[in-house]
Amino acid sequence: MNIGAPWPDAKTAWRRVVKIQTKLHQWTTKDPGRQFDDLWNLVCDSAILVEAWHRVRSSRGARTAGVDGEIAHYVTAVRGEQAFLSELRDQLKTRRFQPLPVRQVTIPKPGSTKRRRLGIATVRDRVVQAALKLVLEPIFEADFQPCSYGFRPERRAQDAIAEIHYFTSRSYEWIVEGDIKACFDEISHSALLDRMRARIGDKRVLALVKAFLKSGVLTEDGQLQETSTGAPQGGILSPLLSNVALSILDDHFAAAWRAMGKSYQREQRRRKGLANYRLVRYADDWVAMVAGTRADAEHLRGLQLSEEKTKIAHIDQGFDFLGMHIQRHQQRGSTKRFVYTYPSRTALAAVKAKVRDATRRSTNQTLAILLHRLNFVLRGWTNYHRHGAAAKTFSFLSAFTWRRVWCWLCHKYPKTGMGILRRRHTRNWWPEQGEVRLFNPATVAITRYRFRGAAIPSPWATTTKAMT
């Protein structure tokens, strides 16, 4: 392989990848029974590898090393990008590529005392996984059901919450809420590969996917463990593989939904005492909404679930899902009842903990640095929750953050009077330094998120749209 051969630049590679993905998606959509027998050349394609490398290099994990100790900057500065990609492509084309074990780390689980295991692959393995995802995702996206929202292009958590709001506002009052127990850890490799074979006939691609699944784990204490089930949580390819595995749940509920007929037929079922139900899934978290009785909701329990996160609730009681609390109650000043979505108490506690952590750090940092850190947290949290009834929560968070910053200033300058602190570090009592001003959550406008449902467009619907 001539490592000096020209490789496409990032923009040219992206345009070519979009065209390839668009064709794959359209072919899959037009022929539901089509099986792709020659995808290996696409995985090894120079444009695919360049785009895969660009995504790995620009990701947040680019500065994290796998078991080989290399990070993306080392590849750029020492090995050279073209030499690295040429060697990787040569290994793929000659079938000499073998993934290395992932480096396992544990991180705290949000809202829990438990810890979550993450698998960090090497840079070379991440590039190949990204290349596989670029080729496989448009194929499987054509088969995924509209009720699934997690780790899919053009879909987000707000879409799942909007669908729940839509149906619970229309007599789907009983909620079965839970998650698939240890989803990433307990995926059956054989069952997953069987589902992939329905679309992927190229044995080389399937063998590469299997190699990643079986690559093993290097634990924090230096022990090498085999992986007989599951997919490494945190891997680039793992979300797609988990959606492929869990799509069997979506297919079951989608088939049942179609069997219930159109809206007038579902009304007839209710008059006969039969229940209607609808599933919304985000990764391994799901909600089944039931138009019926509690007994009908209990009848749906049939999966191996995480007991501490599984419950049946009435919409008047409310429940938490994806950081939001969803509940129906009477509108203030009216006799009408509506379904509302609020930031959950757990989500509010989590952002408060981040604000506390930032303002507990050493006072050696400048106020501008502190405000930058807080603004990053506050903007992200409020943008996520701004589609619910969150005005009072935002006002509370604004006051809470102001108090924490003011206490931080008092600790940083213990001998300075309040008047001097106010003149030096605030404008109209609001903290700022130079051009950096504390973000005020109370100023975020509340906007209703429109339910899109099955109308969410695919990024590869047409070549024209994809290339604009």
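Residues numbered from 1 in each chain as written. Predicted model: local features only at pLDDT ≥ 70, side-chain atom pairs only at ≥ 80, totals over all residues. Heavy atoms only, no water.

## Some details on the overall build of the protein
Summing up its helical and strand segments, the protein has 18 helices and 14 strands in all. Computed over C-alpha atoms, the radius of gyration of the protein comes to 25 Å, within 12% of the 23 Å expected from 2.2 N^0.38 for 468 residues, which places it in the range of a compact globule. Reported as C-alpha extents along the three principal axes, the dimensions of the protein are approximately 70 × 70 × 50 Å. Within the span of the protein, comprising 468 residues, buried residues form 48% of the whole. Residue pairs in contact within the protein that sit at least 24 positions apart in sequence constitute 71% of those at least 6 positions apart. (Helix = DSSP H or I, 4+ residues; strand = E, 2+ residues; numbered from the N terminus. Rg over C-alpha atoms; globule rule 2.2 N^0.38 Å. Buried < 20%, exposed > 50% of the residue type's maximum accessible area, 1.4 Å probe, protein only. Contact = heavy atoms within 4.5 Å.)

## So, helix H5 (residues 81–93)
Each α-helix turn comprises 3.6 residues. Residues three or four places apart therefore point the same way. Under the 1.5 Å per step criterion, the end-to-end length of H5 is 18 Å for 13 residues, consistent within 8% with the ideal 18 Å. All of the buried residues in H5 are Phe 84, Leu 85, Ser 86, Leu 88, Gln 91 and Leu 92. Phi for Arg 95, located one or two positions after H5, is positive at around 60 degrees. (Expected span 1.5 Å × (residues − 1).)

## Quick word on the sheet that holds strand S3 (residues 174–179)
Taken in spatial order, the four strands line up as S6-S7-S3-S8 in an open sheet, and their pairing is antiparallel. One side of each edge strand has no neighbouring strand; the edge strands of this open sheet are strand S6 (276–282) and strand S8 (311–314). Going across the sheet, the axis of each strand differs from the next one's by a mean of 20 degrees, ignoring polarity. For S3 and strand S7 (residues 285–291), the ladder comprises six bridges, and the chain directions are antiparallel. Of the residues in S7, the one forming a bridge with Asp 179 is Asp 285. Each of S3, S6 and S7 is contacted by helix H7 (residues 157–168), which is oriented at about 165 degrees to S6, the strand it contacts most. (Pairing = 2+ DSSP bridges. Axes fitted to C-alpha atoms, helices over the stretch in contact; angles between N-to-C directions.)

## Describing empty space enclosed by the protein
Across all of its chains, the model carries one cavity of 30 Å³ or more by this definition. Of the pockets and cavities examined, the largest cavity occupies roughly 90 Å³. Forming the boundary of the largest cavity are 15 residues, of which Gln 129, Phe 212, Pro 232, Gly 235 and Ser 238 lie nearest the centre. Elements with a minimum of two residues in the lining of the largest cavity: helix H6 (123–141), helix H10 (203–213) and helix H11 (238–259). The residue makeup of the lining of the largest cavity, split by class, is nine nonpolar, five polar and one charged. (1 Å grid on protein atoms, 1.4 Å probe; cavity = no way out; pocket = protein on both sides within 12 Å on 5 of 7 lines; lining within 4 Å. Points joined across faces, edges and corners; volume = space filled by probe spheres on them. Nonpolar A, V, L, I, M, F, W, Y, C, P; charged D, E, K, R; others polar.)

## Topic: unusual backbone geometry
Despite not being glycine, Phe 151 shows a phi value in the positive range, around 55 degrees. Take Phe 151: it is sitting in the loop between H6 and H7. With relative accessibility at 42%, the residue Phe 151 sits in the partly exposed group. Notably, Trp 429 is not glycine yet its phi reads approximately 70 degrees, a positive angle.

## Observations regarding the state of the cysteines
In the structure shown here, the tally under the stated rule is zero disulfides. Unpaired in this structure, Cys 410 has its nearest cysteine sulfur neighbour in Cys 407, at a distance of 6.2 Å. In this structure Cys 410 comes out as partly exposed when scored by relative accessible area, which is 33%. (Disulfide = S-S within 2.5 Å.)

## Side note on a positive patch on the surface
Where like charges cluster on the molecular surface, the positive patch consists of Lys 11, Arg 15, Lys 19 and Lys 23. Tracing the backbone shows Arg 15 in helix H1 (residues 10–30). (Patch = residues over 30% accessible without salt bridge, like charges linked within 9 Å, V, L, I, M, F, W, Y side chains within 5 Å. Areas by Shrake-Rupley, 256 points an atom, 1.4 Å probe, with all protein chains shown as cover. Salt bridge = Lys/Arg side-chain N within 4 Å of Asp/Glu carboxyl O. Lys, Arg positive; Asp, Glu negative; His and termini not counted. Charge placed at Lys NZ, Arg CZ, Asp CG, Glu CD.)

## What to know about the nonpolar core
Generally speaking, a soluble globular protein has its nonpolar side chains buried in company with each other. By size, the foremost hydrophobic cluster in this structure holds 54 residues, and its most contacted members are Leu 39, Leu 132, Leu 136 and Met 196. It is H6 that provides the largest number of residues to this core, a total of eleven residues. Setting aside residues no more than four positions away along its own chain, Leu 136 makes contact with Leu 39, Met 196, Ile 200, Val 205, Val 209 and Leu 240. Core analysis: the second largest hydrophobic core is formed by 26 residues, Leu 367, Trp 406, Val 436 and Val 444 among them. (Core = buried A, V, L, I, M, F, W, Y, C linked by side-chain atoms within 4.5 Å.)

## What to know about the sheet that holds strand S1 (residues 102–108)
Strands pair in a sheet through their backbones, by hydrogen bonds, and they do so in one of two ways: parallel or antiparallel. A sheet is described by the order of its strands in space; here four strands give the open sequence S2-S1-S4-S5, paired in mixed fashion. At either end of the open sheet lies a strand with only one pairing partner, and these are strand S2 (115–120) and strand S5 (224–225). Here six bridges tie S1 to S2, and the two strands are oriented antiparallel to one another. Counted as the bridge partner of Thr 106 is Arg 117 from S2.

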